[in-house]
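# Descriptive structure summary
Each chain is listed here by its residues.
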Amino acid sequence: MQAGQRVGGFAIDRLLGTGGSGEVYGVRDLEHGRPIALKLLPRATLVRRPDLVQPFQREYHRLQMLRHPRIVEVYHYGSDPHGLYYTMELVDGPDLRAARPLPWRQACFVLRDIALSLAIVHSRGLVHRDVGAGNVRLGRDGRAKLLDFGASVSIGVPCDIVGTPPFTPPEAFAYEPLDARADLFGLGALGYYLLTGVHAYPASSLSGLLPLWE
């Protein structure tokens, strides 16, 4: 979408990122005049992949349930001719792919923030499954927030394998029950990446992880 176009009561400012479950834009709330973020599941994608509707709705409702200072806050869910969307706070700093490597003290502060957010996630019986550098963003105050709950599942045996390869635990490939330890693997892999600037298991695909673990 182009700058100036409207989705519901929000005017598009810029594209922030794209992924398997939608497009994220920086927008202006026309009612309140504040900058926020908007995640859109485009109409063309809905026609092609109607199976994405339920996961998109589930992601929004889970984020509503997981209100915490270190987890991105969601506001409004809606639909218009452009597709389904929900709005959330705009975290205005870089994600950790752009921020690394970090000095060890700052890396510890970031990892503490994500550990706090994961404690809430796990207390609700959920596993995030994608604690990667692209899903953690820094605010202007330097504090980290966990984003993108599109891959999250209830604790137990998942029906699929998803995640950013360098942060995906071995148990995911065996279809073993996933619990908090799966996210702690991702957190450890994130710590390695933040301190060194490289991945411990630098696979570009999930299948590419298997030979690296041998």
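See the structure printed just above.
Just so we're clear, the structure is a prediction, and the values are computed from it rather than from any experiment. (Residues numbered from 1 in each chain as written. Predicted model: local features only at pLDDT ≥ 70, side-chain atom pairs only at ≥ 80, totals over all residues. Heavy atoms only, no water.)

In a regular helix each residue adds 1.5 Å, so 13 residues correspond to 18 Å; helix H2 (residues 53-65) covers 19 Å between its end C-alpha atoms and thus fits that length. In this structure, the buried side of H2 is in contact with strand S4 (35-42), strand S5 (74-80), strand S6 (83-88), strand S7 (126-127) and strand S10 (153-154). (Helix = DSSP H or I, 4+ residues; strand = E, 2+ residues; numbered from the N terminus. Expected span 1.5 Å × (residues − 1). Contact = heavy atoms within 4.5 Å.)

Position of Glu89 among the secondary structure elements: in the loop between S6 and helix H3 (96-99). On the basis of relative accessible area, Glu89 is assigned to the buried category, the value being 16%. Side chain to side chain, Glu89 and Lys145 meet in a polar contact 3.0 Å long. (Buried < 20%, exposed > 50% of the residue type's maximum accessible area, 1.4 Å probe, protein only. Polar contact = N/O pair within 3.5 Å; in protein donor to acceptor, adjacent residues only side chain to side chain.)

Attention shifts here to the pattern of salt bridges. In total, this model carries 13 salt bridges according to the counting rule given. With a shortest N-O distance of 3.0 Å, Arg14 and Asp13 are connected by a salt bridge. Exposure remark for Arg14: the relative accessible area of 40% places this residue in the partly exposed category. Between Lys145 and Glu89 there is a salt bridge, with its nearest N and O atoms 3.0 Å apart. Of this pair, Lys145 sits in strand S9 (residues 144-146) while Glu89 sits in the loop between S6 and H3, and the two are 56 residues apart along the sequence. With respect to class, Lys145 is no different from Glu89; both count as buried. Each of Lys39, Glu59 and Asp148 takes part in a single network of salt bridges with overlapping partners. (Salt bridge = Lys/Arg side-chain N within 4 Å of Asp/Glu carboxyl O.)

Attention now moves to the sheet that holds S6. Across the sheet, which stays open at both edges, the six strands sit in the order S1-S2-S3-S4-S6-S5 with antiparallel pairing between neighbours. Two strands bound the open sheet, and with one partner strand each, they are strand S1 (6-7) and S5. Pairing of strand S3 (residues 22-29) with S4 involves six bridges; the strand directions are antiparallel. In the sheet register, Glu23 faces S4, and the bridge partner there is Leu40. (Pairing = 2+ DSSP bridges.)

What follows deals with the nonpolar core. Within soluble globular proteins, side chains that are nonpolar generally end up buried alongside one another. Counting residues in hydrophobic clusters, the biggest one holds 40 residues, and the most contacted among them are Leu96, Ile114, Leu190 and Leu194. Counting residues per element, the ones that place at least two in this core are S4, H2, S6, H3, helix H4 (104-123), strand S8 (136-138), S9 and helix H5 (180-196). Examining the composition of this core, we find that six residues originate from one element, H4, more than from any other. Apart from residues lying up to four places away in sequence, Leu190 is in contact with Leu96, Leu111, Val131, Gly132, Ala133, Val136 and Phe167. Residues Phe10, Val27, Leu38 and Leu40 belong to the second largest nonpolar core, which totals nine residues. (Core = buried A, V, L, I, M, F, W, Y, C linked by side-chain atoms within 4.5 Å.)

What follows deals with the pairing of S3. The element S3 is largely enclosed, with a buried count of six among its eight residues. Of the pairings in the sheet, the one linking strand S2 (residues 10-19) to S3 comprises eight bridges and is antiparallel in character. Paired with Gly17 across the bridge in S3 is Val24. As consecutive antiparallel partners, S3 and S4 are separated by five residues, and within that stretch Gly33 has a phi angle of approximately 75°, a positive value.

A few words now on the packing of aromatic side chains. Under the defined criterion, the tally for this structure stands at eight aromatic pairs. Residues Tyr60 and Tyr77 carry aromatic rings whose centres are separated by 5.3 Å and whose planes lie at 45° to one another, so their mutual orientation is tilted. Taken as a pair, Tyr60 in helix H2 and Tyr77 in strand S5 lie far apart in primary sequence, 17 residues in all. Judged by its relative accessible area of 23%, Tyr77 is partly exposed. (Phe/Tyr/Trp six-rings, centres within 6.5 Å; stacked < 30°, edge-to-face > 60°.)

By themselves these figures say nothing about function.
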